[in-house]
Amino acid sequence: MSQPPTEAAAIADTLATFIQDSLLLGKPTDVRGLASFLEAGIIDSTGVLELVQFIEETWDCKVADDDMVPDNLDSLPRLVAFIQKKRAG
Amino acid sequence: MCGIAGLVDLRGRPAEPALARRMASTLWHRGPDAGGVFADGPCALSHRRLAIIDLSGGAQPMSVDDGALTVTFNGEIFNYLELKAELEREHGRVFATRSDTETLLHAYAVWGDDCVTRFNGQWAFAIWDRRRRRLFCARDRIGVRPFFHTVHDGRFLFGSEVKALFSVPGVPRAFDVLGLHEVLTYWCALAPRTAWQGMSELPPGHTLTVDGGDVVTRRYWQLDYQTRDPLAEQQAASELRALLVSSAQLRLRADVPVGAYVSGGLDSSVIAGVVKHHTQTPLKTFSVGFDDAELDESTWQAEVVRALGTDHASVMASGDLIGASFPEVAWHLETPVVRTAPAPLFVLAGLVRQRGLKVVLTGEGADEMLGGYDIFKEAKVRRFWAKQPHSRLRPLLLRRLYPYMKNLQAQPEAYRRAFFHVRPEDLDSPFFSHLPRWRLTQQLTALLADDVGAQLARHDPLEELRARLPDGYASWHPFAQAQYLESSILLPGYILSSQGDRMAMGRSVEGRYPFLDVRVMEWAGRLPATHKMKVLDEKHVLKRAAHDLVPPSVLARPKQPYRAPDAHSFFDPQTGKARHAWIDELTSERAVAAAGVFRPASATKLIEKARKGAISGVKENMALVVLISTQLVHHRFVADFPTAFPEEST
């Protein structure tokens, strides 16, 4: 019998779907395998704003300007950790 | 300005004039005033005429020397009067007309293939040399006028537009995936490649000969950036002013009235100002506005018109109008595009024609020749930062880039830096200036159908381009390298074609470009970069040269590139509905699958997002436009290409 997904896994799934559909124009991609969205070139001038808007709407949190740094947003694990921290905080 | 077409049977069979006539009939919009056909042995030439010089005597195809030489010619040789005088005086040539067409023929008779080096103008032509049974074709230096060709069923076929070649029975009509890859990198295919399998474009500055079954192309001119000794700024400004006055005067040569576009920016204002201050020509001007305040420049246009006192007309290109015009625009474009920007220029050309004019001067070319684009500024800032990568102050200059783009300005500082960050390996790239733009555009390949994407796996457009860079490129100043890339790729491949020739000629209007006079281009190539962009002041020398020709406010305003609404032209931002039924039909999953270019699921998601009014940013807007334009072009040229043309019998 399979285990229910952990909170982190659920966040990761939701994010991966969004990133694939919105930032990767629907191209099937191993989003989890991307070490850096910037290095992979999938963030354009508005990509990060769109990502932040999605996070705020989906997890009902506020992302401050100071939070908008690659350390928080540049890969799936970093995003998951960031969102969990926001929800806990 | 006209449409040309023709063929040479490479096996020597007699050419069919009816076929040449059919090819030209697809180009009726380029020349509604008259048509003509010529045939001699294996060659047939055809022509559609837009009568501008020598209205009564310039009919084509035209012959001289008792029919030994016959030409079909699209364009203008602006210095034809000087050449005619020389040909008469020094070579004893006798002219029967006042046309530049006849001058072209006599020039070829005297100087042979090298005649093109004597021409100052914009042209694409083909001369049938009966004695040598040889076709000599040429295209102007920078690619103002188009020339496409192919070989099919033992025949060399050529025409001003690809549709002329497609009208020949049996010629296949299919996208070239490598050409599409280039569109999804550079915004256009790089000549000789096109978006179409088997169709070639004669590159700018090249001649082509068809001789004894062989088709040979040869370069006769290219951009050069060997700078000369330091030149005082005032001297440079004075030289540029004199060149522009002469260039504009040459481009006013016509037997019909000549108008001018006024965008509200510096370049077109300078041209209108030159005409106003240095000629007796009463000037009619034309402009296009947008209902999106971020894109609209009507206030600036009004200021220029007021200052110059021109007879002005304008048109509003609403999102709805842009969308409505796009099927017709696609017919003239003949290639997928990533921006809707051609469409408002089609609307504007319609206004020109409606007001009874068929020739306009524009400011195209100034940004490329004199260093106006933000991409040059961006490269300069990035290179400056890369010299001290840990500097906290240098990247602050990035805020000076693209001030007119709200989304970019709203970007978090850390991401702005990350986006423009110079990778160590990029610093030595010959494409340093253009890598951010090309990488961004290449992200659109994510939309491609899996089998199409797989075909591109081994195709690297940048590697192909690297092999074609001119001798000496590596020794040029980085600013000159950026100028070369812009002037040899986007200028002919998109600006002068998709936004230029195709849109104007689609409404039977000829554009003329004083900044692309050969003397201006060669002078600008030798001009030190510091005169073009002084620190971060773009087109610095032009502002000095034209300071008294345009309103001071226009001289001082920051550069705003011409842009048009993209997603909103196809989907109403209020209701989310497609503005026109054809948009839903052509972007349906079934239609996308049938065209076979894009992944249907990706296209569907993009369209769903558009319906929610959620398309944002440069990449998504480009994705939507390239999806819609590709589907339209496929529909018009592959799925539903006409079998007959109404003007075929005229």
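Residues numbered from 1 in each chain as written. Chains lettered and ligands numbered in written order. Predicted model: local features only at pLDDT ≥ 70, side-chain atom pairs only at ≥ 80, totals over all residues. Heavy atoms only, no water.

Colleague: So what exactly am I meant to see when it comes to the overall build of chain A here?
Modeller: Per the secondary structure count, chain A includes 4 helices and 0 strands. From first element to last, N terminus to C terminus, chain A shows the α and β order α-α-α-α. If you line up chain A on its principal axes, its C-alpha atoms span 45 × 30 × 20 Å. Residue burial in chain A is summarised as follows: out of 89 residues, 49% are buried. Long-range pairs, those at least 24 residues apart, make up 55% of the contacts in chain A with a sequence separation of at least 6. When the 7 basic and 15 acidic side-chain charges of chain A are each reduced to a single mean position, those positions are 4 Å apart. (Helix = DSSP H or I, 4+ residues; strand = E, 2+ residues; numbered from the N terminus. Buried < 20%, exposed > 50% of the residue type's maximum accessible area, 1.4 Å probe, protein only. Contact = heavy atoms within 4.5 Å. Lys, Arg positive; Asp, Glu negative; His and termini not counted. Charge placed at Lys NZ, Arg CZ, Asp CG, Glu CD.)

Colleague: For this particular structure, what's the right way to read the nonpolar core?
Modeller: It is characteristic of soluble globular proteins that their nonpolar side chains tend to be buried jointly. Counting residues in hydrophobic clusters, the biggest one holds 204 residues, and the most contacted among them are Phe119(B) and Phe125(B). Among the elements that make up this core, the one with the highest residue count is helix H28 (residues 617–639) of chain B (11 residues). Setting aside its immediate chain neighbours within four residues, Phe125(B) contacts Ile4(B), Val71(B), Thr72(B), Phe73(B), Leu104(B), Val116(B), Phe119(B), Phe136(B), Cys137(B), Ala138(B) and Phe147(B). Phe18(A), Leu38(A), Leu79(A) and Ile83(A) belong to the second-largest nonpolar core, a separate cluster that totals 30 residues. (Core = buried A, V, L, I, M, F, W, Y, C linked by side-chain atoms within 4.5 Å.)

Colleague: Hey, could you run me through the packing of helix H18 (residues 478–495) of chain B against helix H19 (residues 497–506) of chain B in this one?
Modeller: Think of two packed helices as two axes; the pair is described by the angle between the axes and how far apart they sit. All names here are of chain B. Where H18 meets H19, the closest approach of the two axes is 5 Å, and the angle between their N-to-C directions is 30 degrees. Relative to H19, the element H18 is oriented roughly parallel. Facing H18, whose interface residues are Leu-491, Pro-492, Gly-493, Tyr-494 and Ile-495, H19 presents Ser-497, Ser-498, Gln-499 and Gly-500. (Axes fitted to C-alpha atoms, helices over the stretch in contact; angles between N-to-C directions. Parallel < 35°, antiparallel > 145°, perpendicular 65-115°, else oblique.)

Colleague: Please clarify how the interface of chain B and chain A should be interpreted in this entry.
Modeller: Contact residues are listed per partner, giving 26 residues for chain B and 24 residues for chain A. Our count for the contact surface shared by chain B and chain A stands at 2 salt bridges. As a salt-bridge pair, Asp21(A) and Lys605(B) come within 3.0 Å of each other at their nearest N and O atoms. Where chain B touches chain A, the interface holds 6 residue pairs in polar contact (both at pLDDT 80 or more). Looking at the side of chain B that touches chain A, the elements with two or more residues in it are helix H13 (406–409), helix H14 (413–420), helix H27 (600–611) and H28 of chain B. Here the side of chain B that touches chain A takes 5 residues from H28(B), the largest share from any one element. Residue composition of the side of chain B that touches chain A, by class: 14 nonpolar, 6 polar and 6 charged. (Salt bridge = Lys/Arg side-chain N within 4 Å of Asp/Glu carboxyl O. Polar contact = N/O pair within 3.5 Å; in protein donor to acceptor, adjacent residues only side chain to side chain. Nonpolar A, V, L, I, M, F, W, Y, C, P; charged D, E, K, R; others polar.)

Colleague: Hey, could you run me through helix H7 (residues 266–278) of chain B in this one?
Modeller: It helps to recall that an α-helix has 3.6 residues per turn; residues three or four apart then point in one direction. All names here are of chain B. For H7, which comprises 13 residues, the first-to-last C-alpha distance of 17 Å matches the rise-based estimate of 18 Å (1.5 Å per residue) to within 8%. Most of H7 is tucked away, with 10 of its 13 residues classed as buried. Leu-266, Asp-267, Ser-268, Ser-269, Val-270, Ile-271, Ala-272, Gly-273, Val-274 and Val-275 are the residues of H7 that are buried. (Expected span 1.5 Å × (residues − 1).)

Colleague: How do you make sense of the domain arrangement of chain B when you look at a structure like this?
Modeller: By a widespread convention, an interface's size corresponds to the accessible area lost as its parts come together. All names here are of chain B. Domains assigned within chain B are domain 1 (2–219), domain 2 (225–438 + 453–565) and domain 3 (567–639). Computed over C-alpha atoms only, the centres of domain 1 and domain 2 are separated by 28 Å. Counting residues at the interface gives 49 residues for domain 1 and 50 residues for domain 2. Approximately 4,400 Å² of surface area, both sides summed, lies buried where domain 1 meets domain 2, with 59% of it carried by carbon and sulfur atoms. Per-residue buried area on domain 1 facing domain 2 is highest for Phe-78, Tyr-186 and Trp-187; these three make up 18% of the total on that side. Counting every contact that joins domain 1 to domain 2 gives 8 salt bridges. A salt bridge links Glu-464 to Arg-193; its shortest N-O distance comes to 2.8 Å. Counting across the interface, domain 1 meets domain 2 through 22 residue pairs in polar contact (both at pLDDT 80 or more). (Domains from an automatic or database assignment. Buried area = accessible area lost by both parts, 1.4 Å probe.)

Colleague: I'm lost on the packing of helix H10 (residues 342–354) of chain B against H19(B) in this one. Help?
Modeller: Residue and element names in this part refer to chain B. In the contact formed by H10 and H19, the axes pass within 8 Å of each other and the chain directions differ by 35 degrees. With respect to the hand of their crossing, H10 and H19 are arranged in right-handed fashion. Counting all contacts with H10, which are made through Pro-342, Leu-345, Phe-346 and Ala-349, the residues of H19 involved are Ser-498, Gln-499, Met-503, Ala-504 and Gly-506. (Left-handed = near helix turned anticlockwise from the far one by under 90°.)

Colleague: Teacher, can you tell me more about the pattern of salt bridges here?
Modeller: Pairing of side chains with opposite charge becomes possible as their charged atoms draw close. Per the stated rule, a full pass over the model turns up 53 salt bridges over all chains. The network of salt bridges with shared partners includes Arg30(B), Arg145(B), Glu161(B), Lys163(B), Glu334(B), Asp501(B) and Arg502(B).

Colleague: Explanation requested: H28(B) in the structure shown.
Modeller: For H28(B), which comprises 23 residues, the first-to-last C-alpha distance of 32 Å matches the rise-based estimate of 33 Å (1.5 Å per residue) to within 8%. Among the 23 residues in H28(B), 19 count as buried, and that is most of the element.

Colleague: Please clarify how the environment of Gly319(B) should be interpreted in this entry.
Modeller: Residue and element names in this part refer to chain B. Relative to the elements of secondary structure, Gly-319 occurs in helix H9 (residues 319–333). Overall, Gly-319 belongs to the buried group, its relative accessible area being 6%. Taking the C-alpha atoms as reference points, Gly-319 and Phe-290, 29 residues apart in sequence, are found 8.0 Å from one another. If we ignore the near neighbours within four places in the chain, the residues touching Gly-319 are Asp-291, His-568, Ser-569 and Arg-579.

Colleague: Got a minute to help me understand the sheet that holds strand S16 (residues 359–361) of chain B in this structure?
Modeller: Hydrogen bonds between backbone groups are what pair the strands of a sheet, and the pairing can be parallel or antiparallel. Residues and elements named next belong to chain B. One open sheet holds the 5 strands; their spatial order is S15-S14-S13-S16-S17, and the pairing between them is parallel. Unpaired on one side and paired on the other, strand S15 (311–316) and strand S17 (510–512) mark the two borders of the sheet. When strand polarity is set aside, the average angle formed by the axes of neighbouring strands in this sheet is 30 degrees. Together, strand S13 (259–261), strand S14 (284–289), S15 and S16 form the strand contacts of H10, whose direction differs from that of S14 by roughly 145 degrees. (Pairing = 2+ DSSP bridges.)

Colleague: For this particular structure, what's the right way to read the pairing of strand S7 (residues 134–139) of chain B?
Modeller: Two faces make up the sheet, and in a regular strand the side chains alternate between them. Residues and elements named next belong to chain B. Taking burial as the measure, the 6 residues of S7 include 6 buried ones, the bulk of the element. Here S7 shows a buried face lined by Arg-134, Phe-136 and Ala-138 and a second buried face lined by Leu-135, Cys-137 and Arg-139. With 6 bridges joining them, strand S6 (residues 121–129) and S7 adopt antiparallel strand pairing. The residue of S7 that forms the bridge with Ile-127 is Phe-136. With antiparallel pairing between neighbouring strands as the criterion, S6 and S7 make up a hairpin whose turn holds 4 residues, including Arg-133 at a positive phi of roughly 50 degrees. The pairing of S7 with strand S11 (residues 206–211) spans 5 bridges and is antiparallel. Bridge pairing in S11 places Ala-138 opposite Thr-207.

Colleague: Which parts of the structure should I look at to understand the sheet that holds strand S5 (residues 69–77) of chain B?
Modeller: All names here are of chain B. Across the sheet, 6 strands lie side by side as S4-S5-S6-S7-S11-S12; this open sheet has antiparallel pairing. Two strands in the sheet have a free side with no partner beyond their single neighbour: strand S4 (62–64) and strand S12 (214–219). Each strand axis lies, on average, 20 degrees off the axis of its neighbour in the sheet, ignoring direction. Pairing geometry for S11 and S12, over 6 bridges, is antiparallel. Bridge pairing in S12 links His-206 to Arg-219. Strands S4, S5, S6 and S7 of the sheet are contacted by helix H3 (residues 100–111), whose axis makes an angle of about 120 degrees with S5.

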